[in-house]
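Structural characterization, general
Given next are the chains, with one letter for each unit.
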Amino acid sequence: MRNISPIDRIYCALDTQSLSETLLLADLLNGEVGGIKLGKEFFTANGPEGVNKVAALGHKIFLDLKYHDIPTTVSGAIHAATNIQCEFVTVHASGGACMLEAAIEAATKSKGDRPKILAVTVLTSLDERDLSIIGQTGPVSDQVLRLARLANQCGVDGVVCSPHEVVSLREEFDDEFFLVSPGVRPTWASSNDQKRFMTPQEAVQSGADYLVIGRAITQANDPVGATRRIVSEISNVLS
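This write-up is about the structure you can find in this document. Throughout, a residue's number is its position along its own chain's written sequence, starting from 1. It should be noted that, the model being predicted, local features are given only for residues of pLDDT at least 70 and side-chain atom pairs only at 80 or more, the latter also being counted only at that level, while totals for whole chains, interfaces and linings use all residues. To obtain the side-chain values, all non-hydrogen atoms of the structure were used and water was disregarded.

1. Quick notes on the packing of helix 1 (residues 19-28) against helix 2 (residues 40-55)
Between the N-to-C directions of two axes lies an angle of 0 to 180 degrees, each axis being a line fitted to C-alpha atoms and, for a helix, fitted only over the stretch in contact. Strands are runs of DSSP state E lasting at least two residues, helices are runs of H or I lasting at least four, and both sets are numbered from the N terminus onward. Orientation of helix 1 relative to helix 2, taken along the N-to-C sense of each, is 40 degrees, at an axis distance of 10 Å. Our classification of the angle between helix 1 and helix 2 gives oblique. Pair helix 1 / helix 2 crosses with right-handed handedness. Between helix 1, through L19, T22, L23 and A26, and helix 2, the contact on the second element is made entirely by F42, N46, G50, K53 and V54. All residues other than Ala, Val, Leu, Ile, Met, Phe, Trp, Tyr, Cys, Pro, Asp, Glu, Lys and Arg, Gly among them, are scored as polar; the first ten of these are nonpolar and the last four charged. For the contact of helix 1 with helix 2, the per-class residue count stands at five nonpolar, three polar and one charged. These descriptions rest on fixed angle ranges, namely under 35 degrees for roughly parallel, over 145 for roughly antiparallel, 65 to 115 for roughly perpendicular, and the rest for oblique. The crossing is said to be left-handed when, going from far helix to near helix, the turn is anticlockwise and less than a right angle, and right-handed when the turn is clockwise. Any two residues whose heavy atoms approach within 4.5 Å are treated as being in contact.

2. What about the environment of S110?
Tracing the sequence through the fold places S110 in the loop between helix 4 (97-108) and strand 5 (116-120). On the basis of relative accessibility, which here comes to 12%, the residue S110 falls in the buried class. Remark: the alpha-carbon pair of S110 and T82, spanning 28 residues in sequence, is separated by 5.6 Å. With sequence-adjacent residues up to four places away left out, S110 is seen in contact with T82 and P115. Three labels apply to residues, based on accessible area from a 1.4 Å probe with only protein chains included: buried if under 20% of the type maximum, exposed if over 50%, partly exposed otherwise in between.

3. Re the nonpolar core
Only buried residues count toward a nonpolar core, which is a set of Ala, Val, Leu, Ile, Met, Phe, Trp, Tyr and Cys residues joined through side-chain atoms within 4.5 Å. Among the nonpolar cores identified, the biggest contains 65 residues, and I36, I78, V91, I117, V159 and L169 are the most heavily contacted of them. Leaving out residues up to four positions away in the same chain, I36 has contacts with Y11, C12, L14, A26, V54, H59, K60, I61 and F62.

4. Looking at the pairing of strand 3 (residues 60-67)
Taking burial as the measure, the eight residues of strand 3 include six buried ones, the bulk of the element. Note on handedness: a crossover is taken as right-handed if, strands pointing away from the viewer, the path from the first strand over the helix to the second is clockwise. On the question of chirality, the crossover connecting strand 2 (residues 35-39) to the parallel strand 3 by way of helix 2 is right-handed. Strands qualify as paired when DSSP identifies two bridges or more between them. With three bridges joining them, strand 3 and strand 4 (residues 88-92) adopt parallel strand pairing. Bridge assignment links L63 to a residue of strand 4, and that residue is V89. For the crossover from strand 3 across helix 3 (residues 71-81) to strand 4, the handedness is right-handed.

5. Looking at the side chain of Q143
Along the chain, the position of Q143 falls in helix 6 (residues 140-153). Residue class for Q143 comes out buried when judged on its relative accessible area of 9%. Here the side chain of Q143 touches R146 through a polar contact of 2.2 Å, side chain to side chain. In this view, Q143 contacts V122, L131 and Q136; residues no more than four positions away in its chain are not counted. Contacts described as polar in this section are N or O atom pairs within 3.5 Å, which, within protein, must combine one atom able to donate a hydrogen with one able to accept it, while residues neighboring in sequence count only if both atoms come from side chains.

Okay, structure coming up:
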């Protein structure tokens, strides 16, 4: 397991169109989380300038745009992303080997510290029935492992996966391969848009390096208090 502090393991998902709300929460969480995850909703509304304003508060940025297109298009998008202050950028592993390799090649041409490329395996909103409908057979875990192996072979820095698949992936790959888990929420928080989830402490115990946590923090009456409670729970596991 990587030596990462409990705070640094948490990326808070601030997926909203409102720049002012995002900046307010990001400022509030400064020093409380390892970074901020910004997705398509925020990026579509606020663009690179909005991302840089969040980064200017001192946060590491997880730019979760899940690029999935022909290699040339994804290469161009990743190249553009290197001009934004990002720690992580996501692509879909199902885009195939050529696309993944193009993403890594574009990232390595960054003038500064290059963003780490994460490949999304299977969305946490999907289960076996959903995969069957779109023509993918077999358990979710098999598809996740298949896509993770592809990503690893293509030189991708790590994958985004449900915490339920973390154990098998950690057995397959060494600690240099990042495992990042959404679908994480404490028992005392509620949500209904993910079918494969675990508590933060369970995810870390399973071998996840980083956790993406959204509404358990953002919709709490006291976001800082909720974050500190999660950090404490993770600390108890690591100690």
